[in-house]
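# Overview (structure and organization)
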Amino acid sequence: MADKEAGGSDTGPREMAPTSACSSPARSLGDTGITPLSPSHTVNDADANVSEQQTFLVVVAVDFGTTSSGYAYSFTKEPECIHVMRRWEGGDPGVSNQKTPTTILLTPERKFHSFGYAARDFYHDLDPSEAKQWLYLEKFKMKLHTTGDLTMDTDLTAANGKKIKALEIFAYALQYFKEQALKELSDQTGSEFENSDVRWVITVPAIWKQPAKQFMRQAAYQAGLASPENSEQLFIALEPEAASIYCRKLRLHQMIELSSKATVNGYSSSDTVGAGFAQAKEHVRRNRQSRTFLVENVIGEIWSELEEGDKYVVVDSGGGTVDVTVHQIRLPEGHLKELYKATGGPYGSLGVDYEFEKLLCKIFGEDFIEQFKIKRPAAWVDLMIAFESRKRAAAPDRTNPLNITLPFSFIDYYKKFRGHSVEHALRKSNVDFVKWSSQGMLRMSPDAMNALFKPTIDSIIEHLRDLFQKPEVSTVKFLFLVGGFAEAPLLQQAVQAAVGDKCRIIIPQDVGLTILKGAVLFGLDPAVIKVRRSPLTYGVGVLNRYVEGKHPPEKLLVKDGTRWCTDVFDKFISADQSVALGELVKRSYTPAKPSQLVIVINIYSSELDNVSFITDPGVKKCGTLRLDLTGASGAAVPTRREIQTLMQFGDTEIKATAIDVATSKSVKVGIDFLNY
């Protein structure tokens, strides 16, 4: 087996017996002595390992968003009822608040103070001199996506410029949701609700890399939602997958279809967007009093039009990222299969805020805006809140201007800073579509507002156009547009114009809660998505028998008269390969010395499919697999031990288990993408 070439592993469902001991000098992974024994790949019955799972009374899903967050829950005894969390205190004009802003406030001593509207209002009411001491953070989730080398020590910067550990902030936020949810559940059931009764689900973007998912899990452990010993109590759900699970359940009155047909019931298609949405909002407003949603167990009407093998796309456009998944339906159970690896990018509605900030810099000077943010952080927050409600009023056919109130301290501080008025700056700036109104407001023409959306929407549309070129996506029937940014008529119209001729575009009514409700459904039945695609190629470095003319001479290693080729990439799984839930990749490893108590194996990844050596361009070390042999050995340690490792790539996270073949005892195994 040692002469087996890299990548030649058997991918059939049959087992391969481990081979006889071939003493190879495993200089393989920079570690003293690991040689792979038996590469094999098995498909397990996905339900085999489900039976012994513990039962929970309730599933609570937390949608930890870039701009807003919330939770919803369902009792496992009545899975068709999804309850969305209580109304929050506070709220913004022009913004419906079923969720709360993802903002957090810590005291000057760095202790948790408040979250959401409460954090914002308290921070806002502080005296400016005092506010500088407090740590206020918002929109911090994007840091996990944008940090290339994320670790447990990654920092976030608060509004006052002070740094704080990201892990701490995420743990505080999750702990807050845990306390809120348990309190609500206790009030509802009339008795003290224990955390051990809850299965938690946390949503993350599908395009997040493995380290960011692991980071979220670590934060949840620190917040006490679950523990490493009881890791099954927490599921990580992928946002567009959750949306997809919920969209299957939609009834026709729960969604709006953007049609490209010329006129529908006397509306032209651009009217349908606005009018349909207005009716929907009215419908949602009337139902807002009831926070319980019935998910009928029948498959939704939209679904009844889908046949076996039909494909649809879910575009989840939120505050930070846009996430696109392509699913195919498998009947009769309505299971889902992912057809193309999740794609997307940082094209969330934050991009619009960023453009507004750039516009302010253009008018008032970057130096002033930077200073203003640091010196008057609460007023800056106010200005962005004012912008947010006007941003939501932007529409393709709007003709009247949008007024944005400038906080008094902005006007005042600008005069001190520059020695002339805000009005003067606007006149001088030759930004002609933004004027000063005598009521102390910035008056933006609709075109000016639409221009702020353009770069972000262009990125999304370009992404969708590219995706629709792919053969796997060519025959898509529906496109579901979900997430908070999906409420923007400008985005709806752009998506309709770009791909409306290729598929039907559907927007669930309570579009901002789609992911939350789908995440609850996922927690109740995580096996609904049967096949996923691996985003990267994963493998380890091994030694193989050296073959003249095939292996490069610089990889030759001679030990005890045997010629070995080093750094061979042993592929576990390829990029965009489909992996079934419960499918296992098996490898056996043997410690170099019988006394060795820990085996650490480096895991490498690449975006390319065809990888021969771990030194190839584009191959990066991305994590470690750590086998702890301390507890696994019996009384007599056999001279040669074989540790069989089983890895799962078909779930939302990569998981591993291992057994000592001689004793059949399980070996403690850790797969780590953060602290390697």
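Everything discussed here concerns the structure shown above.
First things first, this report covers the structure right here in the doc. (Residues numbered from 1 in each chain as written. Predicted model: local features only at pLDDT ≥ 70, side-chain atom pairs only at ≥ 80, totals over all residues. Heavy atoms only, no water.)

## Thoughts on the sheet that holds strand 19 (residues 322–330)
Rules: Two strands qualify as a pair provided that DSSP identifies no fewer than 2 bridges between them. For the purposes of this entry, the term helix denotes a DSSP run of H or I that reaches at least four residues, the term strand denotes a run of E that reaches at least two, and both are numbered from the N terminus. Fitted lines through C-alpha atoms give the axes, limited to the stretch in contact for helices. The angle between two N-to-C directions lies from 0 to 180 degrees.
With mixed pairing, the 8 strands of this open sheet are ordered in space as 14-25-24-18-19-20-26-30. Single-partner strands in this sheet number two, and they are strand 14 (255–258) and strand 30 (578–580). Ignoring which end each strand starts from, the neighbouring axes of this sheet average 25 degrees apart. Two strands pair when backbone bridges link them, and strand 20 (residues 335–345) and strand 26 (residues 529–533) are joined in this way by 2 bridges, in the parallel orientation. Within the sheet, the bridge partner assigned to K337 lies in strand 26 and is V531.

## Considering the pattern of salt bridges
What counts, and what does not: Here, a salt bridge means any side-chain nitrogen of Lys or Arg that lies within 4 Å of a carboxyl oxygen of Asp or Glu. Using a 1.4 Å probe on the protein chains alone, a residue whose accessible area is under 20% of its type maximum counts as buried, one over 50% counts as exposed, and one in between counts as partly exposed.
One pass over the structure, following the stated rule, counts 25 salt bridges. In this structure, E370 engages K373 in a salt bridge whose closest nitrogen and oxygen atoms are separated by 4.0 Å. Of the two residues, E370 and K373 are both situated in helix 10 (residues 366–375); the distance of 3 residues between them amounts to about one turn of the helix. A relative accessible area of 37% places E370 in the partly exposed class. In this structure, E388 engages R392 in a salt bridge whose closest nitrogen and oxygen atoms are separated by 2.9 Å. When its relative accessible area of 40% is taken as the criterion, R392 is described as partly exposed.

## Focus: the environment of S474
As a reminder of what qualifies: Any pair of nitrogen or oxygen atoms within 3.5 Å is treated as a polar contact; in protein, a donor-acceptor pairing is required on top of that, and neighbouring residues in sequence qualify only through side-chain atoms on both sides.
Relative to the helices and strands, S474 is located in the loop between helix 14 (446–469) and strand 24 (476–482). Owing to a relative accessible area of 47%, S474 belongs among the partly exposed residues under this scheme. A polar atom in the side chain of S474 sits 2.7 Å from the backbone oxygen of P471.

## Side note on the packing of helix 14 against helix 15 (residues 489–499)
This is how it is decided: The handedness criterion is simple: a crossing whose near helix is rotated anticlockwise from the far helix by less than a right angle is left-handed, and one whose near helix is rotated clockwise is right-handed. Every residue pair with non-hydrogen atoms within 4.5 Å of one another is taken to be in contact. Basically, the charged four are Asp, Glu, Lys and Arg, the nonpolar ten are Ala, Val, Leu, Ile, Met, Phe, Trp, Tyr, Cys and Pro, and anything else, Gly included, counts as polar.
Two elements in contact, helix 14 and helix 15, have axes separated by 10 Å at closest approach and are oriented at 35 degrees. Where helix 14 crosses over helix 15, the handedness of that crossing is right-handed. Counted together, N450, F453, I457, I460, I461, L464, R465 and F468 of helix 14 and L490, L491, A494, V495, A498 and V499 of helix 15 form the full contact between these two elements. A per-class count over the contact of helix 14 with helix 15 returns 12 nonpolar, 1 polar and 1 charged.

## Section: unusual backbone geometry
What you tend to see is this: most non-glycine residues have negative phi, and most peptide bonds are trans. Phi angles above zero are rare outside glycine, and D576 is one such case at about 65 degrees. Along the polypeptide, D576 turns up in the loop between strand 29 (562–573) and strand 30. On the accessibility criterion, D576 (17% relative accessible area) is buried. Unlike most non-glycine residues, S664 shows phi in positive territory, near 60 degrees.

## Remarks on helix 15
Residues lying three or four places apart along an α-helix face the same way, a consequence of the helix completing one turn every 3.6 residues. With 8 of its 11 residues buried, helix 15 lies for the most part within the structure. Among all positions of helix 15, only L490, L491, Q492, A494, V495, Q496, A498 and V499 are buried.

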